[in-house]
Amino acid sequence: MNGSEEKIKLEHEAARIFMRLYQHRFGIKMRHIWHNEPARPDVSCYYDGKKLDLEIAHLYGSEVEAMHILGRAISAQTHRELMALLRTPPEHRLLTALNRIISSKAQKHYQSDNVWLVIRNANPLWTRQDMLSHCDKLHLPKAHPFNEIWLVGDMAGESGILPLYPPVLRQQESLQC
């Protein structure tokens, strides 16, 4: 499997996990996913009968972790970002990594009116509780293309999903951010 095929596989897996968890939590059907070309978000699906586009990102803690999960070498850009992350004090790495992903993805422009960003945590050391403790410290750019931003708490989705944006969704969390 080449790098492009592996990326698509990871994106589809993340999308399926997110859709299953979202549907279970809110009772709103999410069905039929397909991969898109670069001008559009990574994956599209139907959300309560309407088209929804999902941009997928993975949250890594180190270069070694990313390479292990991906099963291959990482891109030069991912390498630079992970190297910068290693210079960050350990207690700030999760927040720094989340803010970098959101900032990077916020600069994209999509041919879509309804885009959600879904970030899947790939670091087994970062827990849902860690993420909850950082929600109020996220730096969301004033302008970004996302109607909603969600975090899948772990690679398998066992810890559930956590809304990061808009704030009204975060406030509905039982464990307030």
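Quick summary incoming for the structure in this document. (Residues numbered from 1 in each chain as written. Predicted model: local features only at pLDDT ≥ 70, side-chain atom pairs only at ≥ 80, totals over all residues. Heavy atoms only, no water.)

What to know about helix 4 (residues 93-106)
With 14 residues, helix 4 extends 20 Å between its outermost C-alpha atoms, agreeing within 8% with the 20 Å of an ideal straight helix rising 1.5 Å per residue. Within the sequence span of helix 4, burial applies to L94, L95, A97, L98, N99, I101, I102, K105 and A106. (Helix = DSSP H or I, 4+ residues; strand = E, 2+ residues; numbered from the N terminus. Expected span 1.5 Å × (residues − 1). Buried < 20%, exposed > 50% of the residue type's maximum accessible area, 1.4 Å probe, protein only.)

A few points about the packing of aromatic side chains
Counted under the stated rule, the structure contains 11 aromatic pairs. For the ring pair Y22 and W116, a centre distance of 5.3 Å and an interplane angle of 55 degrees mean the geometry is tilted. With Y22 in helix 1 (residues 3-26) and W116 in strand 4 (residues 115-121), the pair connects residues that are 94 residues apart, well separated along the chain. Like W116, Y22 is buried. Ring centres 6.0 Å apart and planes at 75 degrees place the aromatic pair F26 and W150 in the edge-to-face group. In this pair, F26 is assigned in helix 1 and W150 in strand 5 (residues 148-152), connecting sequence segments 124 residues apart. (Phe/Tyr/Trp six-rings, centres within 6.5 Å; stacked < 30°, edge-to-face > 60°.)

Quick look at the nonpolar core
Grouped together as the largest cluster of nonpolar side chains are 22 residues, with contacts concentrated most on L59, L98, I119, L151 and L164. Within the residue set of this core, elements represented by two or more residues are strand 3 (50-59), helix 4, strand 4, helix 5 (128-134), strand 5 and strand 6 (161-165). Ranked by residue count, the leading element in this core is helix 4, at six residues. For L98, the residues in contact, after removing those within four places along its chain, are L59, I119, L138, L151 and L164. (Core = buried A, V, L, I, M, F, W, Y, C linked by side-chain atoms within 4.5 Å. Contact = heavy atoms within 4.5 Å.)

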